[in-house]
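# Inside the fold
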Amino acid sequence: MLKRFIILFLLGCTFHSFAQQKLGKLTVEKIMRDPKWIGSSPSNPYWSLDGKYLFFNWNPDNAPDDSLYFITRENTTPAKATIEQKQNILIEFNVKWNLAHTSYVYSKDGDIFLTNAKSGVTRQITSTTDMESNPEFSFNETKIVYSHSQNLFAWDMATGETIQLTNLKSGASGTSAPASGAQRGAGRFENFGGNMRSQSSGSNESTNQEEKWLKNDQLEYFEVLRSRKEKREATADYYKNLPKKDELRTINIGEQSLQGLGLSPDGRFVSYRLIQQATNAKTTIIPSYVTESGYTVDLPGRTKVGAPQSTSEFFIYDRQKDTVIGIKTGQIPGIKDLPDYVKDYPSELEKRSKNPVNRKVNFMGPYWSPKGTHAVLEIRSQDNKDRWLMTWDTESGKLKLLDRQRDEAWIGGPGMGGFGGSSSGWIDENTFWFQSEASGYSHLYTVNVITNEKKALTSGKYEVQQAKLSDDKKYFYITTNEVHPGEKQFYRLSVNGGKAERITTMTGANEVTISPDEKWLAVRYSYSTKPWELYLQENKPGSNAVQITNKAQSAEFKSYSWRDPAVITFTARDGAQVYARLYKPTRPASGKPAVLFVHGAGYLQNAHKWWSDYFREFMFNNMLADNGYYVLDIDYRGSAGYGRDWRTAIYRHMGGKDLDDNVDGAEYLVKTFGVNPKHIGLYGGSYGGFITLMALFTTPDVFKAGAALRPVTDWANYNNGYTSNILNEPYNDSLAYKRSSPYYFANGLKNHLLICHGMMDLNVHFQDAVKLSQRLIELGKDNWELAPYPMEDHGFKEPSSWTDEYKRIFKLFESELK
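Residues numbered from 1 in each chain as written. Predicted model: local features only at pLDDT ≥ 70, side-chain atom pairs only at ≥ 80, totals over all residues. Heavy atoms only, no water.

Pairing in this open sheet of 4 strands is antiparallel, and the strands run β33-β34-β35-β36 from one edge to the other. Both edges of this open sheet fall to β33 (509-514) and β36 (546-547), since each of them pairs with a single strand only. Relative to strand β34 (residues 520-527), β33 runs antiparallel, the two sharing 6 bridges. When the bridges of β34 are listed, Val512 appears paired with Val523. (Pairing = 2+ DSSP bridges. Helix = DSSP H or I, 4+ residues; strand = E, 2+ residues; numbered from the N terminus.)

This is the structure in structure tokens:
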């Protein structure tokens, strides 16, 4: 009897285990659980400096957080990194090599180190309680220059002598830089003493007897406190009493912030930016209602679009001539040019035309050629309509134009700054490379800084999305979407141009991290239905990628036959081909309903062939298709991946061509699949929520119902960096805001609207939902509802919130579209 009971018990456990691994019918409760149920994907792969180890974050054990794992080329079975490994990892990104690639410098724990790559011998250059950082080779690679307390110091590699190069001081003290007089000064030392990081505690002497007694008592009985105090004071005395060969010039920077302090490779020119922060820019407040204390807490927010911005100036200190040179923006070609949109405001156009002024700019660089012969500055107008690449002549101090990219909308695209960062550098002493959207797509270019001869290395209707120059400066390693707008493939391209050699071949996205010796690739790969896994591949055409991890899909996730959404195109009203993901139901519901999913961010791509960041929506769209809906996920105008014209098509009118594409997508479903035009809904978050509102307010006869999640309702409430690029500032271009903000069109609401918004949203503030709610109340609208989430930010964290939100969305579609 007991034996029979044990057998039945074991069979029951086996059945329960199998049942747990079967996902079965999709429900909101199942798919909106903690994402760990899906599996664990590796992230953030990086190589150790010697290339022996490949590290990555991973969580195959379903622990609360990811752990650091590694593999070697000889042993590709992932293993957890030890504490010692974590503490001693050096990665290429954190070191600076000399030109011969035989030695490198780096900072660790605030000190500077020099390593001979061949012998492996490391020499500690500093050992102080203060923070030393940003080391690099200079003075024709005879010295190591680093930053300390907003100044530059140089350590002589032959003698061990250290000299102070600059004496920049904040506040009202010191003298502003004179035209001439003082000579450069030098303090020197052979070795720093002790481990002497500075602390704020103990720096101010107290006059209170009780406090004095307590302090002395602490120092008498605690050895560590006493030791740290002695070392701290020794460091302060040391820097204060550096022996001076000559008086070192004081440069007073006032109350401005110092950024970008650097030195030319020959040690002659010190460059820096001074930033004047805006003092009268009002910031928002976000109340947090559900708190541990029981009291409402105000969370600090951000400024709104059009708020005063910080300004910057760029200076170069010529140590040889003892002269500070301020870069004058008046010599920049087109610095007074007016944007085209001003023509819509005749009185303002006349005013600005009579009194043209230099536009405010931001400086990046300088980027010095390897031997320091040339310096390139990247200069951006604050209205983001111009980017200039200009050389700075070391003798005359004048700027010379290499390339100007003007965009009446805004400068952007891969490799052009913004979200993707800038891609540029030197191939040799006279050849500078950069990316530009001059052709309409982001491509690679070179320019000879002496002759100004420019050459396009890539061309075509695709984007170079990432570019890296090889260490030997013979090749570029580039990632492009040339094969298909919805793929990312990796190539090797000669610095002279020509046909690029394709190295990755797996359909989808291949995100590549190159080993330091450039012989191996760590490839993070995914497909539409397969989350990210890690692969190892030789860096040569025809090589095969070997899979390293295999935990991205749990048995439960794999038990469901996820639809592979077809990436299709349809023709918009203006003839453009629009890419979209299509989910088709096996059995269309009665009445053939359809739903459009509208991705967020505006400048984002989702009609692609890799695992989407919108994985919850991917699963929800599968669930909708299971319930008989056609689902279309559109890369509307403004989306990433399709070049400059697509990117900027929403300029001065968000809710224009981007909404038209969604309306045309709905028409495509009607004509192609017989979808009932009276049974179409849409949903989306952030920018997708904004489009949902504009759709229901301005095209009410197209969409029967919509769910707007964390939507912008008035663009004047959003931030400056994003909004001013697209709509300019509200006080300069009020027409753009009036035509782009749903708030002004709320009276057009006819059908059913659901608004969901986190009350702790630090990005699109809950104020947007509140303002629109009041507007709808005053308009007498009664076919809408607001679901607030008191403890959620812009991206929800809690599964319970995701579940509640998407149950409401599904209920809306089931009740209104069928």
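Further remarks concern the side chain of Glu437. Within the secondary structure, Glu437 sits in the loop between β26 (431-436) and β27 (443-448). A polar atom in the side chain of Glu437 sits 2.5 Å from the side chain of Arg647. (Polar contact = N/O pair within 3.5 Å; in protein donor to acceptor, adjacent residues only side chain to side chain.)

On to the sheet that holds strand β16 (residues 269-276). Within the open sheet, the 4 strands sit side by side as β15-β16-β19-β20. Their pairing is antiparallel. Looking at strand neighbours, the two that pair on one side only are β15 (257-263) and β20 (323-326), the edges of this open sheet. Pairwise comparison of adjacent strand axes, ignoring direction, gives a mean angle of 20° for this sheet. One ladder, built from 4 bridges, connects strand β19 (residues 311-318) with β20; its direction is antiparallel. The residue of β20 that forms the bridge with Asp318 is Thr323. (Axes fitted to C-alpha atoms, helices over the stretch in contact; angles between N-to-C directions.)

Between helix α10 (residues 657-673) and helix α11 (residues 687-698), the shortest axis-to-axis distance is 10 Å and the interhelical angle comes to 70°. Relative to α11, the element α10 is oriented roughly perpendicular. Contacts between α10 and α11 pair Asp658, Leu659 and Asn662 from the former with Tyr687, Phe690, Ile691, Met694, Ala695 and Thr698 from the latter. Each residue belonging to the contact of α10 with α11 can be placed in one class, and the counts come to 6 nonpolar, 2 polar and 1 charged. (Parallel < 35°, antiparallel > 145°, perpendicular 65-115°, else oblique. Contact = heavy atoms within 4.5 Å. Nonpolar A, V, L, I, M, F, W, Y, C, P; charged D, E, K, R; others polar.)

Relative to strand β44 (residues 784-789), strand β43 (residues 752-758) runs parallel, the two being bridged by 6 bridges. Each bridged residue has a counterpart across the sheet, and for His757 the counterpart in β44 is Pro788. The handedness of the β43 to β44 crossover, carried by helix α14 (residues 766-778), is right-handed. (Right-handed = clockwise from strand over helix to strand, strands pointing away.)

A few words on the nonpolar core. Formed by 64 residues in total, the largest nonpolar core has its most connected members in Leu632, Leu669, Tyr687, Phe703, Trp715 and Leu753. Here this core takes 8 residues from α11, the largest share from any one element. (Core = buried A, V, L, I, M, F, W, Y, C linked by side-chain atoms within 4.5 Å. Buried < 20%, exposed > 50% of the residue type's maximum accessible area, 1.4 Å probe, protein only.)

Time to look at the layout of surface pockets. By volume, the second largest pocket is sized at about 630 Å³. Together, 26 residues line the second largest pocket, and Pro35, Lys36, Gly39, Ser40 and Ser41 are the ones closest to its centre. Within the lining of the second largest pocket, the residues separate by chemical class into 11 nonpolar, 9 polar and 6 charged. (1 Å grid on protein atoms, 1.4 Å probe; cavity = no way out; pocket = protein on both sides within 12 Å on 5 of 7 lines; lining within 4 Å. Points joined across faces, edges and corners; volume = space filled by probe spheres on them.)

Turning next to α10. The end-to-end C-alpha distance of α10 is 24 Å, a good match for the 24 Å that 17 residues give at a rise of 1.5 Å each. Listed as buried for α10 are Asp658, Leu659, Asp661, Asn662, Val663, Asp664, Gly665, Ala666, Tyr668, Leu669 and Phe673. (Expected span 1.5 Å × (residues − 1).)

With that out of the way, let us pick up helix α15 (residues 799-816). Under the 1.5 Å per step criterion, the end-to-end length of α15 is 26 Å for 18 residues, consistent within 8% with the ideal 26 Å. Looking only at α15, the buried set comprises Ser801, Trp802, Thr803, Glu805, Tyr806, Ile809, Phe810, Leu812, Phe813 and Glu816.

The next point concerns the pattern of salt bridges. One pass over the full model with this rule turns up 43 salt bridges. For the salt bridge of Asp322 with Arg249, the shortest nitrogen-to-oxygen distance reads 2.9 Å. One end of the pair, Asp322, is in the loop between β19 and β20; the other, Arg249, is in the loop between α5 (223-240) and β14 (251-254), with 73 residues separating them in the sequence. The buried category is assigned to Arg249, whose relative accessible area is 3%. Across the pair Asp664 and Arg573 runs a salt bridge, and its minimum N-O distance is 2.9 Å. Of this pair, Asp664 sits in helix α10 while Arg573 sits in the loop between β37 (566-571) and β38 (577-583); the two residues are 91 residues apart in sequence, bridging distant segments of the chain. For Asp664, a relative accessible area of 6% translates into the label buried. Look at Arg573 and you get exposed, because its relative accessible area is 53%. Within this structure, Asp337, Arg359, Asp383, Asp386, Arg404, Arg406 and Glu408 form a network of salt bridges that share partners. (Salt bridge = Lys/Arg side-chain N within 4 Å of Asp/Glu carboxyl O.)

Here we come to the pairing of strand β10 (residues 143-148). Extensive coverage of β10 is indicated by the burial of 6 of its 6 residues. Neither face of β10 is open: one carries Lys143, Val145 and Ser147, the other Ile144, Tyr146 and His148, and all of them are buried. Pairing of strand β9 (residues 132-138) with β10 involves 5 bridges; the strand directions are antiparallel. Note that in β10 the partner of Ser133 across the bridge is Ser147. From the end of β9 to the start of β10, which pair antiparallel, there are 4 residues, and Phe139 there has a positive phi angle of about 50°. Where β10 meets strand β11 (residues 151-156), 6 bridges bridge the pair, whose relative direction is antiparallel. Note on β11: the bridge partner recorded for Ile144 is Trp155.

What follows concerns the environment of Tyr367. Position of Tyr367 among the secondary structure elements: in strand β21 (residues 361-368). Accessibility expressed as a relative area gives 27% for Tyr367, which makes it partly exposed. Separated by 24 residues in sequence, Tyr367 and Thr391 place their C-alpha atoms 9.3 Å apart. Apart from the residues within four sequence positions on either side, Tyr367 is in contact with His374, Ala375, Val376, Glu378, Ser424, Trp426 and Phe432.

What follows is about the confidence of the model for the protein. Residues shown with low pLDDT carry predicted positions that ought not to be read at fine detail. Here the protein shows a mean pLDDT of 91. Residues at 70 or above account for 89%. The model gives residues 5-19 a pLDDT under 50, and that stretch makes 0 contacts with residues more than four places away or in other chains. (pLDDT = per-residue confidence, 0-100.)

For the rest of this paragraph, the subject is the packing of aromatic side chains. Here the structure, examined in full by the defined rule, presents 50 aromatic pairs. A network of ring pairs unites the aromatic residues Phe597, Tyr614, Phe620, Tyr683, Tyr789, Phe796, Trp802, Tyr806 and Phe813 as a single cluster. For Arg492, the ring lying beneath its charged end belongs to Tyr475, and the centroid distance is 4.7 Å. (Phe/Tyr/Trp six-rings, centres within 6.5 Å; stacked < 30°, edge-to-face > 60°. Lys NZ or Arg CZ within 6 Å of the ring centre and 35° of its normal.)

Moving on, we get to the environment of Glu378. Along the chain, Glu378 falls in strand β22 (residues 375-381). Among the polar contacts listed, one links the side chain of Glu378 to the side chain of Arg380, at a separation of 3.1 Å.

On to unusual backbone geometry, then. Residue Pro366 is bonded to the preceding Gly365 through a cis peptide linkage, with omega at 5°. For Glu141, which is not glycine, the phi torsion reads 65° and is therefore positive. You can see Glu141 is positioned in the loop between β9 and β10. Taking relative accessible area as the criterion, Glu141 reaches 29% and is therefore assigned partly exposed.

For the rest of this paragraph, the subject is the packing of helix α8 (residues 615-626) against α15. The N-to-C vectors of α8 and α15 enclose an angle of 30°; their axes lie 12 Å apart at closest approach. Classified by chirality, the crossing of α15 by α8 is right-handed. Residue-level contacts link Arg616, Glu617, Phe620, Met623 and Leu624 of α8 to Trp802, Tyr806, Ile809, Phe810 and Phe813 of α15. (Left-handed = near helix turned anticlockwise from the far one by under 90°.)

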